[in-house]
Amino acid sequence: MIINNKMRIQIFVLLAIALAPAAFAAQSASKPAASRPRDPQVAHAHDRYRSGDWRRGERKAGFDVGSLKIHNFDGSAVEVIGDNALARRFTATGAAKPLYLIESNVYEAVADAHEKLAEILAFVSSPGTLPTMRASGHDVGDIGYIGYSGAAPGRIAWLAFVRGNITVRVTNLQTSESPAIDAAAVAKLADNAILAAPTLLDTQSLPKPAIDNFTFDKNSVVAGKIVKINFSVSGVTGEPNIDWITGGTGMGYVERAATASGAPGNFELHATGAGAFELTARVTSPLGVSAEAKATIAIAAR
Amino acid sequence: MKWIGFAPIPALMIGIAGLALSLAAASASTLTLTIASVPRIADPKLDGGAIPIQFVIGPDGISAAVDITIEQNAATVASVFSGTLTGAANTIVTKNWNGKTANGKFADPGDYTVRIVATADHVENQTAPLSIVRLGISAMEALGVNNNDEWQMVYFMKGGTTYAFYATPSVHEYYNVNKPGDVADLDLNNGNPRPSVALHEDVMSPPLSGTNYESYNYNFPYCYLDGKTPRLRVTFGSNATSQAGTAVAPGYPVAGYEIHAIASDPNGGWINNDTNITPAGQSTFDGPALPTVAGRSDRNITWKFEYRTAGGGAWNPVPGQIGTHHRYYTVINKPIFATGATGTQYAGPWVMIAETFTQWANDLGNAPSDEHGVVDTIIKGYFGQNAGVHFPIENFEYDCPSMGGDGGATHYYDFGGNSIPLSRVLNYHQNGIYINCSDCASITSTMIAMLGVRSVQMFRLGGMTLKAIWGVGTPAYTTNLWGPGSNSFSYHHIITRNGGVNVSDACMCVDEDGNPGATPGVPGWNVDRPWLGASGYMTLSAYNTVSTSFDPLPKIQ
């Protein structure tokens, strides 16, 4: 189960140390694109777009898409759409539907970001190649490409660019409308936000959140019952997103307990089906860097 | 009580409640009173659970003052009737007690006495024992009759704005108990019966209580293999609310008696062999078989209770009933998802997809009883723009310049993760209305597979020099997809369920008018269409020989 509900950790010290810790393991959430066998179609895109010539910029600590502000637009809450991947929508103030979707992927390596861009380009059905952003007069990213809309001359339907180790895609969700600010300008704002992030030295890894404690309060629970989760995170500036991903044969979901004061209570597992249950906590920092940890518990039949 | 004789009157041999008594012929002028029937066990909080008190006043024409009262421990707690009745030796008089005492509240579970006093030329005074119980259902759990024929269902939103996967609780899909701080599971705090939980009909989000999931009162749909017997394991409520506002035991078992539950819906009875239910106990019911097609069927189940003397004898009805409304979705085979994928989103079919599929099948006039039927419904329903379904799913449009899009870019499918954000698709197309072939193939393959179609793969095609095609959400066939004279694909994504021998494609139709390279066209639906041959997909869609490869079923987000 993935709970992209932006559960906020604000007071980490409130989360208790485990009394009866279950299995706990921290692991990397990153799955570099360049580490996978290259698909022939993607390889062809590398060739068509001469990816070997793409500029390789400095690695950055991430992209805080949640801090992005666009004049006269309202930004939605940040969504975690995968490991090290965030999305956010922007709606013109007063409008009913969002106009822009910004999706970002943060990688350890520049090559991984380039691979992601190549994948985006590879899965465009029309046979030609897309123009670069620079060829279109937009100084955005190390390399970027534009898909123009047929709705009006020069109107951008979507664009994708790489800045260092980060891939960003901006999609115009209402191409039939004449936007007050075009997608390239939005991309420039995103690019500037990335440039403002700390540069990583070659020896530095992405600043992953640290999941300091993740255990169930008991080793087993009966289906239909609730068990407290001991959980604490550090190494994050700002409010991380937490996703809970279920696994195993058992079933359940995670919520914060309701409290009389209305303040966020403890995380709790609501066990809804018997079996071995594995829970993965994925914590994603505002910069879009994820860390994962797992804990297990036995859910017994009633 | 005055017994004049024991000559039975057949029409008045009442046995419905265990107090069958012979009615006797009365003398011409002397008052007689005979109790015909009073239920030995009753629950006035059931729907229609008023307690019928039946008796006969004789002889014909006599005028008698009649008082009917309910007593407990020799004290009168309720007056049911007080008035004058005219004797009719062959007529049963029925007066119903609504189960409420003089204070207007339902009587607590326990033992009572029904007293009838008739006064004319003399006083007749008769009594009957009555046990008030509280019967009801606090939980129902769907069970498979065999392995792999019942699954949980999945929601993908939490309220209207947050993405979160939620599987219907396998421990009980129907739950109706008191929240913390409330008194009892069977009753509200004021003593009135807790109503049955209405079926949850939202297809995107489960019910919430504040910002959290509702965890005390819900009624989720079930999912079964088509044609199978639905099985419910019912848990009976364990306590009731007393007149004093406290939790009390439900008053049964009643010494010397057994109680069982019976269930039926318009399709027939639900089989259950238990003879003695207990508070908080469980009993399993097998219902009439579900339809042999994929889709939805609703069952309105009527629950009744009967009692008998312990160890045997005829069953007698407890007056009243409970009604619960249930929704069953049926699938063709076990739901199938991406190999190795973990997460709640894979617990079973998504409610919205099962419901959308049902609507498409109805609108198309399909009764999908096999895998081909499911594929046909999904492909034609997804594409829309036909007699049954007027619009494509989510009003999608193929991403091409003439529609305001661009060059056929992927807007949902993530190749690197081989995943499709189905939640964003179904939540009012959060990534926009434009889609390309990979979007269509990944969406339809996951939908088809989760409804039980086996061996579904995405089928990736190489470059294609196109003939006339009709793209999803576009108005007509074209030979100028990207602009004048530009009509080719750098690649194309479709689906197959038999290793590429036959293919399906909800992204576009080929032209079956005999001249597939020119417009206009006659819609050629790509539902299990042969890949090769004169009417094959490759021949009708492309001028060139098209290379192929396979992609596995995508993961779902």
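Overview of the structure. (Residues numbered from 1 in each chain as written. Chains lettered and ligands numbered in written order. Predicted model: local features only at pLDDT ≥ 70, side-chain atom pairs only at ≥ 80, totals over all residues. Heavy atoms only, no water.)

**A closer look at the interface of chain A and chain B**
Alright, step 1. Listed per partner, the contact involves 50 residues of chain A and 55 residues of chain B.
Alright, step 2. Together chain A and chain B conceal approximately 3,800 Å² of surface at their shared face, both sides included; 49% is due to carbon and sulfur atoms.
Alright, step 3. Close ionic contact of D414 of chain B with K116 of chain A constitutes a salt bridge, the shortest N to O distance being 2.9 Å.
Alright, step 4. The interface formed by chain A and chain B includes 28 residue pairs in polar contact (both at pLDDT 80 or more).
Alright, step 5. It is strand β14 (residues 251-256) of chain A that contributes the most residues to the side of chain A that touches chain B, five residues altogether.
Alright, step 6. Looking at side-chain class alone, the side of chain A that touches chain B contains 23 nonpolar, 16 polar and eleven charged residues. (Contact = heavy atoms within 4.5 Å. Buried area = accessible area lost by both parts, 1.4 Å probe. Salt bridge = Lys/Arg side-chain N within 4 Å of Asp/Glu carboxyl O. Polar contact = N/O pair within 3.5 Å; in protein donor to acceptor, adjacent residues only side chain to side chain. Helix = DSSP H or I, 4+ residues; strand = E, 2+ residues; numbered from the N terminus. Nonpolar A, V, L, I, M, F, W, Y, C, P; charged D, E, K, R; others polar.)

**Description of the layout of surface pockets**
Alright, step 1. Quantified by volume, the second largest pocket comes out at close to 970 Å³.
Alright, step 2. Lining the second largest pocket are 42 residues, and of these T249 and M251 of chain A together with Q152, S170 and A347 of chain B lie nearest its centre.
Alright, step 3. Looking at the lining of the second largest pocket, the elements with two or more residues in it are β13 (241-248) and β14 of chain A together with β9 (137-143) and β10 (150-151) of chain B.
Alright, step 4. Residues belonging to the lining of the second largest pocket are distributed by class as follows: 16 nonpolar, 20 polar and six charged. (1 Å grid on protein atoms, 1.4 Å probe; cavity = no way out; pocket = protein on both sides within 12 Å on 5 of 7 lines; lining within 4 Å. Points joined across faces, edges and corners; volume = space filled by probe spheres on them.)

**Concerning the pairing of strand β15 (residues 267-273) of chain A**
On any regular strand, side chains alternate: one points to one face of the sheet, the next to the other face.
Residue and element names in this part refer to chain A.
Alright, step 1. Burial analysis of β15 places seven of its seven residues in the buried class, which makes it a mostly covered element.
Alright, step 2. Of the strand pairs in this sheet, strand β12 (residues 226-234) and β15 are connected by four bridges, and their pairing is antiparallel. Paired with I229 across the two strands is F267, which belongs to β15.
Alright, step 3. Pairing analysis gives six bridges linking β14 to β15, with the strands arranged antiparallel. Paired with E255 across the bridge in β15 is E268. (Buried < 20%, exposed > 50% of the residue type's maximum accessible area, 1.4 Å probe, protein only. Pairing = 2+ DSSP bridges.)

**Brief notes about the sheet that holds strand β2 (residues 41-42) of chain B**
Residues and elements named next belong to chain B.
Alright, step 1. Spatial ordering of the open sheet is given by β2-β8-β7-β4-β5, a layout of five strands whose pairing is mixed. If you trace the sheet from one side to the other, it starts and ends with β2 and β5 (75-86), each paired once.
Alright, step 2. Pairing between strand β7 (residues 110-119) and strand β8 (residues 123-132): ten bridges, direction antiparallel. Pairing of V114 across the sheet is with A128, part of β8.

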